[in-house]
Each structure stands twice: as C-alpha cells, then as structure tokens.
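Remarks on the overall topology
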Amino acid sequence: MKIKLEGVVGKRFGREHNLNVRNPNEAIRALCHLIPGFREYLISAHEYGVFFQAVTDKNTNTGYQELDLGCGELTLVPVITGAMNFSWQNIGLILIGVLLVAISFGAFGIAYGGVTTLSYSLKMAAMSLGFALIFTGIAGLFAPGVPEDGKQEGSESNDAVASGGRPTATSGSAVPLLYGEYLCSNMPVISSYIDDDNDGHLLLLISEGAIEGLATGDSNTDLYFNGLQVASSSVKKIQITDGTQTTKQIDVVQSAGFHLPIGSSLGKSEEGDPNPQIVRSFTQENADNMKLRVLRGPCYCLKQKSQNTGGAPESNYRDYDTDSDKKSKGRPDEADDYLAWNARVLDSDGTVLYDRTVQDKKLKAQKVYDFGNINIHGAPIPISIIVTRLDKNDIPEPWSYEGGSAMRSFSYVKGDIQVVSADVTWDERLIYPNSALIGMEFSAGEFTQMPAVQGLFRGLKVPTLNNNLTVSYAWSDNPAYVLLDLLTNPRYGCGRHSYTTVGPSSADVVHPGIRIEDIDLASFKVAADYCVAQKIKFNAYIARSADALDLIRSVAATFNASLIYAGAHASLVIDRRLTTAQQSEFRLYSNANVIQDTDESGEVTAPCFTYEGTGKKARTSAVEVSFVDPNQFYKEAKESLEDTTAIERYGYNQKRVRALGCTSRDQARRLGRYILASNTLNTETVSFRVGTEGAMLLPGDICLIADPLKVRFPLGGRVLSATSTNVVLDREPAISPGSNFYLYTYGASGIAQKSKISSISGNSVQVQGFANTPTSMQMWLIVDEDNEQKHRRYRVQSVKEDGKGTFDVVGILYTDRKFDYVEDGDLDFGTATRTYPKNTNPSVSASKINFSIRNLEA
C-alpha cells in the first residue's frame, strides 16, 4: 500500500511510505511501530486542535467503520479545528487521532446511533481496549522462558533443543526442525538395511520443511560418518533433498526398512546343559523380506611338525575334528565337538519360515554369514528370530606325540557365535514431500551396528521481512524470524491449516491457528533489526516434542522479548535500551492524573502508586550459562560470570541457565550479563490505576513517575498557562532547583519534552525554552536528573481494563545502566547510601518534654 502523509504530519514523519499492509488499520499500526513518535502524536493531536481525514483509492471519505476495508492507497490529511463541523453526521469522516490508534490496535467497531458527546465516544473506545500479556516470566519479569536449573519454566523447550532425537524413527516420534546452522546428530532413521552385496543403506530425516542445505555445499567436509569426514570414510554415494521434492529423489535406498542391531554372542555350554539361544522379535506388518547377519569366529586345528634332526618346522591348518591322527596317539574326544549353530525364523503361528544349520570344521578367520531374501511377506506378526548354538564343551588342551624322526603338536581354536543384526525391508515410495532427506550407501564391512551420521546444515527457510513488510521465505538465523515461523507455519507450527478430505463425502476442514495476517509484522521487523544490531542468532536442532507455548516463550527469551496480544494481533515487545529518538517518548504520571482508592466518605484508602521489590538475598550475583560451542564439535560448553560488587552487596547467589539456540560465547555472555543486570537493577515494580488514557498504553512503553510519597514534595500537576520560557503551574513546587533540574511536559506532537529550569518563583517556573509551547491542563513534572532514585522510569509490563472505564497498569523499573552492562560490560550500581531530608517539628524541643512517675498506691 502507498501511504501518504500530508501537511505537518508528512513534514514531521515523512511524506510517503510503502508497506505490505491490507487496510488503513494495519497501515496506522505499522507506522506506529516503525516511526518513533507517530503513535504519541496521534494520541494527543486532538488536544491541539488537529484532526484527520482518511482518503483511500476506494473511498474519498473514509469513516471509522471502513478502516478495516482493503485498499491500495491511503492518504492521511490533518484537519485543523476551524475546518471542522462537530455534527455526528460527519464524525465518521473527520477522524480523531486517539480513536485511530484505539481502533487500529483494538480492532473493534463503534456505533454512533445514540452517542451524543465526543467524550463519551472516547470513553467507549477506551473501555473497548485492554492489553494483557500472553506470556510473562522473569529475568526480572523480562525475557520469560529462559531454561533454568531446578525450575519448570523453559524445561520442555530445553529438552527439545538441547537433547538429541531418537536414533530410529517410530510411529509418534517427533519430527525434527532445524533452524539456523547446526551440526545435526541423531537424525531420525527412515530406512536402514544391508543388501546382498554387503553394502549398507541409510535414509535419514534432516528436518521437516524446506531447508537451505549443506552449510558449505561440500559433503566431504560437512558430513561425518562415525566421527570421520565423509572423504575419509567408507561412504560410496550421498544424496540430499532440500524438502521441496514431489517425486522420488533418493535412489541409493531402494526399500523402506529398519536395521535391528542385536550384537549378542552365544557362548559354549556343557554336556547336559540346554543349548544357548538368542531370540528377537519385531512387529512390522508390512515387511516383505529379511536378512540375517551372523559373525562366526574361527574354528580349526593347527598342526606343527618339528624334525629331530633340525630344520624349519612345518605348520598346516586341519579340520577341527580330523581323524588322520588316531585317538590311540592321544587325541582328546572333545576335538570332535566343532563349532555349529542353527538359525530359524518363525511367524506368530509357529510356522517355520527359514531353517538352516551351519557346520564349518575348518575356518581360519572369522566369517560373516549373510542369510538374505528370507521371505516374510504376509506372515502373521510378530516374527521371531531364533539362533541356537549346537556345539558344547571347552576347547581341548594342546597335545603332542613323537613318532619316527619328528615331534608333532596340535592346538585348537574355536571362537563364538555373534548374532550381528537383522535387516527388514518392504516396498514403499520413499518420497516424503516437505521433508529434507539424506540417503547414503556405504561398505558395511563388519559393522555390528549402523554407523552414526552427523551433518552441518543450514536449516529451514523462514518468513523474513523487508523494509516494506513484504514477506518472503529464505534461510535466516534471526530468532525473530524463527519465532514468526513457529507461530504461523501450518505444517509444523501454530499456523492455521486447511485441507479438503478425499472420498465420496469430501469436506473442507480447517484447523484453527495463527495466520500471517494475525501477526503485527512491524513489531517483528523492529525485533529482527534489533537482533541483527546485537548479533543475536538462533541455531538449534529441535528434535523432541515440546509444549508449543513453552517453546515459543523460550525462543522469544533469546532476544529479551515477550509476546503480547493487542487488537487481535500478536506483537513483540523487547526489553531494550531507549534509542535517542525515544529518550523523551514516555508518559508522565503523578498524583494529578492517577486514580486513588477512596472509601464511601471520600477518604483516601490507598496511595496513588504501589511498589513491590525483590529481596536482596534473592538477587543473582553470579550466572553460569550453558551454550553449544561449534569449536568443540557442537558440544555443550559453559560460561561463568560473576559481579564482585553484587557479591559484596548480596552474597554469592548463582543461577544456572541454558542459552537456547546459542552457538556463540559472546552471545552466551550477553545473556548472562542480562540476567545479572535484570536481577540487580530491575528490583522494583509499580502498579497504579488511570482513566481512559490507560487505553493508549502498550506493554513496553516508558512511564516517568513523580510520586509525592517518594520525592517528599509535590513535583507533578497541571499547567495553568505557559510561554516558551515561562510556565505557570497549578501548585508551588516548594523546592529550590538544583543545577540539573528539568521541567517535563508534553509538546504539540504528544511526546514528552523537557527544558532546564532557570529559576522558580512561587508557582511560576522560568525555563531555558521549549520547542513547543505547552498548553493549559497539560501534565508537568519537575525532575532532578542527578537523582534517579526520586524520579524513576518504569517500563509498562501489562495494562488491564477493570471493566469500569479505568485501567490497572503494572510497570518494572527501567534504567539505562542495565544496558550499559548488557551491551558494554560496564555495570554501575550507583551510590551505596541514600540520604533523606530530616523532618523537624519546631513546636517540640528537649526542654519542653517532661517525664514523671506516679505512685499508684498513694
């Protein structure tokens, strides 16, 4: 949509903007996120006699009811008060800025039938709004979901991201998701078997969805086979699909199947004992063929002949039970007991599907027996494999005899029977659309189990945003875009999924979920740019099932964000440093604009502002952060941070957390600093109640509060009159201004402005000058910028309507010093001592206080 801002609005915020939005509501919401000060200007414009007219390419006179109708172009024209006719016939054509914000963020309709006053319309608009956090947590109540030792919060996402998946995929196994760049281990096995040529075949699932592919594009360096790079391994052929395939792309794996590793040995038994057996079963009802691998040890008799007259001895291998040397010469009877075994395959009815006995009398080296093409098609399950050792007794002792001119000696070797594995295959179309696959063919050799495969891949293509908020899908390791994908993907995320059933009674089915249209894209774009600026990335292999809410919270926590629901849209709020443009973009509050609780007689029953703080012993002074280190072959590493000043103040209190998706030591240290600073500086919350203006507050907004109970003087109120250099207040501040005292009030743009105080005389304040002259009834605050303890800023955490047209606000202490430490590593706690003015009562002195003791008995 082409968005044009005319007049003073365009001069201040830019004449033309092009954004991927559908209607005026979305356009206004996006501009409020992307342009600093735009939302504040709209909220307060009516106080200065500025109203608006919306013109679209569909309708030259757009009213409130039409703000959600689609259009291709929007022009917002400021209209001064003198050009307006206050009649309810045209109130829908001349728009009020505060209602534009309320409707665009609140997504509600206003009925004008019986409304008779403008103030009532504003009140109804405010009552229809109410913003509450979906996800709350603590790192000082910021960045919820960070997995912490001993805490339930974030535990499921911790298991899903930090733990590996199942080595063999079974029905109900979680399908993995690969984000960013990561070394995938324990990829689920779709098919694995060894063919008649003793070649192994593996088909593994890399990730659901379309991925970018190998990290460098070179399989020789990006893939590992039993810990060795593919170039140094026995791999013959590799095939990879990126998840966009619609036909069969992997031909190195011809059948579906599974490799059943057994790896059990059959030892000998004595005469009279039962023959040792190994029994294994499986229940794959679609199986067609089976192959059994058995490793037999050597079995032979070694004869050595030494001449009495000297000369080199002669050696030769003979049958284990050879009869050429008569027993009369001393050969033991046990030598007849050569190595022998039997393999049988039975179905559930006891029908023998395969039966073979093996008796090798002379086998100089171990040998692998491959019994392939055992037909099990259609056999009732379960199918049982039984391998039985038939020979008994120990290996005979060596013996010898002398005859003629030579000495003859005999020794015996008899190994064990080891059942290596069974490979079960069946015919199936191995396409798996929307899934990234890797197929491998390799020389099986004498592997006793399928080799481990690891691969360094670039993962899923996720929705990304350009400056115009146009959505395109590309690879990204930006956690804001990862979160957007988890929220909206209809296949593996929380997105809405619709399909049509196939059959004689076909029907359209819709599974509820989050659409891309339900996302406040501008807030995600702001978050993504923040992640780029702070070098925050998300690289992870999510290989186990996890609660969706838990996982979403944890991903948002990686960049200090919370997800809120405002006006039927999911939006992101980041705990971050105020930008230069935002340094004065906060709301001003004192007892002059806060609602106090009173009883029936009008007596005040509670203060304007209520505070809660954290216990000093509960404040974290050391953090141990776990992360994945690519330099250690993607093994978990730990980074410890301690703050000596905090330890001296609060004692040693360590917290152990895991940085999900973190593959950078610097990023892990940043998270550790964030947790330390949040727990030592965000130590206080404030709650208060306001009227209809609370509807315009959003989580993340900054409030400057002058609480008379904290500052001990009335330093907030309303402006009576003003010039650019002199402001008349509604009360006397009763203070002597210091060298760094400022007067705060609102300017014509609705944004708080400040000017340094030169002098105070009664209720008249002389200032160095305001860019925008304040008007009467605006809020004012006097702030000592050298004393942050008295005039604190709070970041709004939640705003909730109580149903009576008032709003309960909760905020958390905000300080720039926190981000000095998080981003620069410089933590300043400020002064350790506090001084308070001494209260004196001139009517009381020591000389006027008398004490006497009365004798009650007298």
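For the structure, see preceding data.
In this text, all values refer to a predicted model and were calculated from it rather than measured experimentally. (Residues numbered from 1 in each chain as written. Predicted model: local features only at pLDDT ≥ 70, side-chain atom pairs only at ≥ 80, totals over all residues. Heavy atoms only, no water.)

Our focus in this paragraph is the nonpolar core. In terms of nonpolar packing, the biggest core is built from 65 residues, with Tyr179, Met187, Phe457, Leu483, Phe524 and Phe559 touching the most fellow members. With 7 residues, helix α8 (residues 479–488) is the largest single contributor of residues to this core. (Core = buried A, V, L, I, M, F, W, Y, C linked by side-chain atoms within 4.5 Å. Buried < 20%, exposed > 50% of the residue type's maximum accessible area, 1.4 Å probe, protein only. Helix = DSSP H or I, 4+ residues; strand = E, 2+ residues; numbered from the N terminus.)

On inspection of all chains with the given rule, the structure shows 22 aromatic pairs. Plain terms: the ring middles of Phe13 and Phe38 are 5.3 Å apart, the flat faces sit at 90° to each other, and that makes the pair edge-to-face. Taken together, the positions of Phe13 in helix α1 (residues 7–13) and Phe38 in helix α3 (residues 38–44) put the pair 25 residues apart, joining distant regions of the chain. Phe38 matches Phe13 in its accessibility class, with the two residues each being buried. Ring plane angle 85° and centroid distance 4.9 Å describe the contact between Tyr224 and Phe633, whose orientation is recorded as edge-to-face. Within this pair, whereas Tyr224 is found in strand β11 (residues 223–225), its partner Phe633 is found in the loop between β36 (622–629) and β37 (635–642), the two being separated by 409 residues in sequence. Every member of this aromatic cluster is reached through a ring pair, and the members are Phe13, Phe38, Tyr41 and Phe52. Cation over ring: Arg458 sits above Trp475, and NZ or CZ is 3.8 Å from the ring centre. If you follow Lys754 out to its NZ or CZ, it ends over the ring of Tyr742, 4.8 Å from the centre. (Phe/Tyr/Trp six-rings, centres within 6.5 Å; stacked < 30°, edge-to-face > 60°. Lys NZ or Arg CZ within 6 Å of the ring centre and 35° of its normal.)

So, on to the sheet that holds β36. Across the sheet, 3 strands lie side by side as β37-β36-β38; this open sheet has mixed pairing. Looking at strand neighbours, the two that pair on one side only are β37 and β38 (654–658), the edges of this open sheet. Here the strands of the sheet are splayed against their neighbours by 20° on average, with no regard to which way each runs. Bridge count for β36 against β38 is 5 bridges, and the pairing is parallel. Paired with Val625 across the bridge in β38 is Val657. Running at roughly 155° to β36, helix α12 (residues 665–681) makes contact with β36, β37 and β38 of the sheet. (Pairing = 2+ DSSP bridges. Axes fitted to C-alpha atoms, helices over the stretch in contact; angles between N-to-C directions. Contact = heavy atoms within 4.5 Å.)

So, on to the packing of α12 against helix α14 (residues 816–824). Two elements in contact, α12 and α14, have axes whose closest approach is 8 Å; the angle formed by their N-to-C orientations is 160°. One element, α12, and the other, α14, form an angle in the roughly antiparallel class. As for how α12 packs across α14, the hand of that crossing is right-handed. Together, Arg670, Arg673, Tyr674, Leu676, Ala677, Ser678 and Leu681 of α12 and Arg817, Lys818, Tyr821, Val822 and Glu823 of α14 make up the contact between the two elements. When grouped by side-chain class, the residues that make up the contact of α12 with α14 number 6 nonpolar, 1 polar and 5 charged. (Parallel < 35°, antiparallel > 145°, perpendicular 65-115°, else oblique. Left-handed = near helix turned anticlockwise from the far one by under 90°. Nonpolar A, V, L, I, M, F, W, Y, C, P; charged D, E, K, R; others polar.)

To continue, consider the side chain of Gln753. With respect to the helices, strands and loops of the structure, Gln753 is situated in strand β44 (residues 752–761). By relative accessible area, which is 11% here, Gln753 ends up buried. Here Asn772 takes part through its backbone oxygen, which lies 2.6 Å from a polar atom of the side chain of Gln753. (Polar contact = N/O pair within 3.5 Å; in protein donor to acceptor, adjacent residues only side chain to side chain.)

To continue, consider the sheet that holds strand β4 (residues 73–80). Strand order in the open sheet made by the 4 strands is β2-β1-β4-β3, with mixed pairing throughout. Two strands close off the open sheet at either side, each with one partner strand: β2 (16–18) and β3 (50–56). Mean inter-strand twist for the sheet, computed between neighbouring axes without regard to direction, equals 20°. In terms of strand pairing, strand β1 (residues 2–5) meets β2 through 3 bridges, oriented antiparallel. Directly across from Lys2, in β2, lies its bridge partner Asn18.

Where α8 meets helix α9 (residues 521–534), the axes come as close as 7 Å, and the angle between the chain directions of the two elements is 145°. Residue-level inspection shows Pro479, Ala480, Tyr481, Leu483, Leu484 and Leu487 of α8 in contact with α9, the latter providing Leu521, Phe524, Lys525, Ala527, Ala528 and Cys531. Looking at the contact of α8 with α9 residue by residue, the class counts come to 11 nonpolar, no polar and 1 charged.

The next subject is the environment of Tyr541. Tracing the backbone through its elements, the reader meets Tyr541 in strand β31 (residues 540–542). Here the side chain of Tyr541 touches Ile206 through a polar contact of 2.7 Å, landing on its backbone oxygen.

Enumeration according to the criterion identifies 28 salt bridges in this entry. Two residues, Lys236 and Asp199, come together in a salt bridge whose shortest N-O distance is 2.9 Å. Linking Lys236 in strand β13 (residues 235–240) with Asp199 in strand β9 (residues 199–208), this pair joins segments that are 37 residues apart in sequence. Residue Asp199 is classed as buried on the basis of its relative accessible area of 9%. (Salt bridge = Lys/Arg side-chain N within 4 Å of Asp/Glu carboxyl O.)

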